[in-house]
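Here are the chains, one letter per residue:
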Amino acid sequence: MSQSEQQASPNLSPRTGQAPSKLERDAFHQEFHKSFIDPRFITVVDELAKVEEIAWQNYQDGRKAPITEKAGAEFFDPDYDLSAEWKQTRRTLLDAEAKQKDPATQSRVLLICASARNDGTCPGEISKTWRLTQLAKQELLAANIEVDILDLSLLTSDYDKHIHPCKGCVSTAMPLCHWPCSCYPNHAERQTNDWMAEIYEKWVAAHGVIILTPVYWYQTPSVLKLMIDRLVCSDGGNPDPTRTHGKKAAEAKAIELAGWDYPKHLAGRTYGLVVHGDVAGIEGVRRGLSDWLDWMGLMDAGVNSRLDRFIGYYESYAQSHEVLDRDQAVQDEVSNVAKAVANAVGELRLGKLSQPDKRLKKPRPK
C-alpha cells in the first residue's frame, strides 16, 4: 500500500498494552480496607464485608455509570444510555450559561484562591492568598458585582472532596473529551465525589475570573493544576457524548479526522491574575497562566490586571503574614487587579470591550 493510500485510510484502532490487569480478589480486599483501618469499624465488620462484595462485583462489571437515562432527541443518538449524573451537570451548565448571557442579571466574577493552605488542616493558619482574595472581593462588591469564591484549599480540609486527574482523552482524539467531563464519576473504580461538576458551573456562570495563587516550587500549586487540567474539555470538547457512544476511541478519531471545530466553551470572559511568591518563580507562573487563559479565549483586563509580586522576599516563613500587613503597595495592586476586572466586565456586558482579533479565523484551530 502506498503512503498516500495509507493516509487516505488511517488505522483508527487505539494503541493498547500499557494498563495493568484488573486486581485479583485478595488485592481488591486489601485496597478496599485501607479506608477502614480505624478500630471503630470492627463493630460493623460484617456489614463492611457485604459492601465490599458489592463493590467487587461492580469493579468486575465495570459499572462506571450505574444510573443512566436515554439521551433524548437533542442528542446525536437519542437512544444512547447517558449517565444521569452527567446529564444533570449538563443541564446545570446550560442554565448557568443562559443566566450569564442574560443582560438583566447582575455581573458576576469568580475569585479562585489557589493556595492549598488553610487553618482547617495541618498548617493551622490561613494563607496570604486567602487574604488577597478578600481584598479583591471587597473591590468587586463595591462595584456592585456578585462575587463567587472558589477556595481550592478545601481539597486539603474537606471530607472526601476530590478533583480527580485528567485522563488525557483529548490526546487520543478531541471528540473523546466531553464537555462537561464524563470521565468522572467512575463508580466501578471508586473515583467519586468529583468537585469539577460544581467548578464547571462556577466558570460558566462568571463574566470574569480572577485567579490568585502562590508559587510552589516554580509552579502552580497542585490544587490549581488539577483544576486547570480538567478544564481541557472547555477548550474544544465534545458537548455530545452520544456521537462517540461514550468512550469509543475509534469513533472519536474518525470524527476528528472528518473535521472538528474545537469549540471554546468559556471564550469571551475576562480575567485577572495575582501571583505571589517569596523567592522565585512568580513571572513564569504568571506567564503560564496568562497563556493558558488566552488560549481558551478569555481576555485579560489590561496590564494592571496581571500581577506578579514577591511578598517577604527571602524573609522568614514564620512572619510572612506580618510582612503582608506592612506591604500596603501589594495590597493596593491586588485591589487594582479587581478594579480592572470590574471595569472590563462592565465594558464586556455593554459590548464595548475591544476585541480587535474577534473576527479573525485561526488557521490552526487545535
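Our structure is the block above this text.
Keep in mind it's a predicted model, so treat the numbers as computed, not measured.

Calculation rules
- Residues numbered from 1 in each chain as written.
- Predicted model: local features only at pLDDT ≥ 70, side-chain atom pairs only at ≥ 80, totals over all residues.
- Heavy atoms only, no water.
- Salt bridge = Lys/Arg side-chain N within 4 Å of Asp/Glu carboxyl O.
- Helix = DSSP H or I, 4+ residues; strand = E, 2+ residues; numbered from the N terminus.
- Buried < 20%, exposed > 50% of the residue type's maximum accessible area, 1.4 Å probe, protein only.
- Core = buried A, V, L, I, M, F, W, Y, C linked by side-chain atoms within 4.5 Å.
- Contact = heavy atoms within 4.5 Å.
- Pairing = 2+ DSSP bridges.
- Expected span 1.5 Å × (residues − 1).
- Arc of directions from axis to C-beta.
- Phe/Tyr/Trp six-rings, centres within 6.5 Å; stacked < 30°, edge-to-face > 60°.
- Lys NZ or Arg CZ within 6 Å of the ring centre and 35° of its normal.

Caption draft 1: Expanded view of the pattern of salt bridges. Applying the stated criterion across every chain yields a total of 20 salt bridges. The partner of Glu-283 in a salt bridge is Arg-287, with the nearest N and O atoms 3.5 Å apart. Of the two residues, Glu-283 and Arg-287 are both situated in helix H10 (residues 282-295); the distance of 4 residues between them amounts to about one turn of the helix. Classification of Glu-283 as partly exposed rests on a relative accessible area of 42%.

Caption draft 2: Up close: the environment of Ala-73. Locating Ala-73 in the fold gives a position in the loop between strand S1 (68-70) and strand S2 (81-83). Considered as a pair, Ala-73 and Val-170 are 97 residues apart in the sequence and their alpha carbons are 26 Å apart.

Caption draft 3: Layout of the nonpolar core. Residues Leu-152, Trp-203 and Met-227 are the most contacted members of the largest nonpolar core, which totals 52 residues. In terms of residues, this core owes the most to one element, helix H7 (residues 196-205), which gives 6 residues. For Leu-152, the contacting residues outside a window of four places in its chain are Ile-112, Cys-113, Ala-114, Ser-115, Ile-163, Trp-195, Ile-199, Val-223 and Leu-224. Residues Leu-132, Ile-210, Val-323 and Leu-324 belong to the second largest nonpolar core, which totals 28 residues.

Caption draft 4: Focus on the pairing of strand S5 (residues 208-214). Within S5, 7 of the 7 residues are buried, which leaves it mostly tucked inside the rest of the structure. In this structure, strand S3 (residues 108-113) lies alongside S5, joined through 5 bridges in parallel fashion. Residue pairing for S5: Val-109 is matched across the bridge by Gly-208. The pairing of S5 with strand S6 (residues 270-277) spans 7 bridges and is classified as parallel. In the strand pairing of S6, Ile-211 is matched with Leu-273.

Caption draft 5: Structural context of helix H3 (residues 45-61). Compared with an ideal rise of 1.5 Å per residue, which puts 17 residues at 24 Å, H3 spans 24 Å between its outermost C-alpha atoms and is within 8% of the ideal. Along H3, the residues classified as buried are Leu-48, Glu-52, Trp-56 and Tyr-59. Projected down its long axis, H3 shows its buried positions confined to an angular sector of 80°, all on one face. The exposed residues of H3 that point more than 90 degrees off its buried face are Asp-46, Lys-50, Ile-54 and Asp-61. Gly-62 sits one or two positions beyond H3 and adopts a positive phi of about 65°.

Caption draft 6: Local environment of the packing of aromatic side chains. Tallied over the full model, the rule gives 11 aromatic pairs. On the basis of an interplanar angle of 90° and a centroid distance of 4.9 Å, the ring pair of Tyr-313 and Tyr-314 is categorised as edge-to-face. You can call Tyr-313 partly exposed: its relative accessible area is 47%. One aromatic cluster in this structure is built from Phe-28, Phe-32, Phe-36, Phe-41, Trp-56 and Tyr-59. Over the face of the ring belonging to Tyr-59 we find Lys-22, whose NZ or CZ atom lies 4.0 Å from the ring centre.

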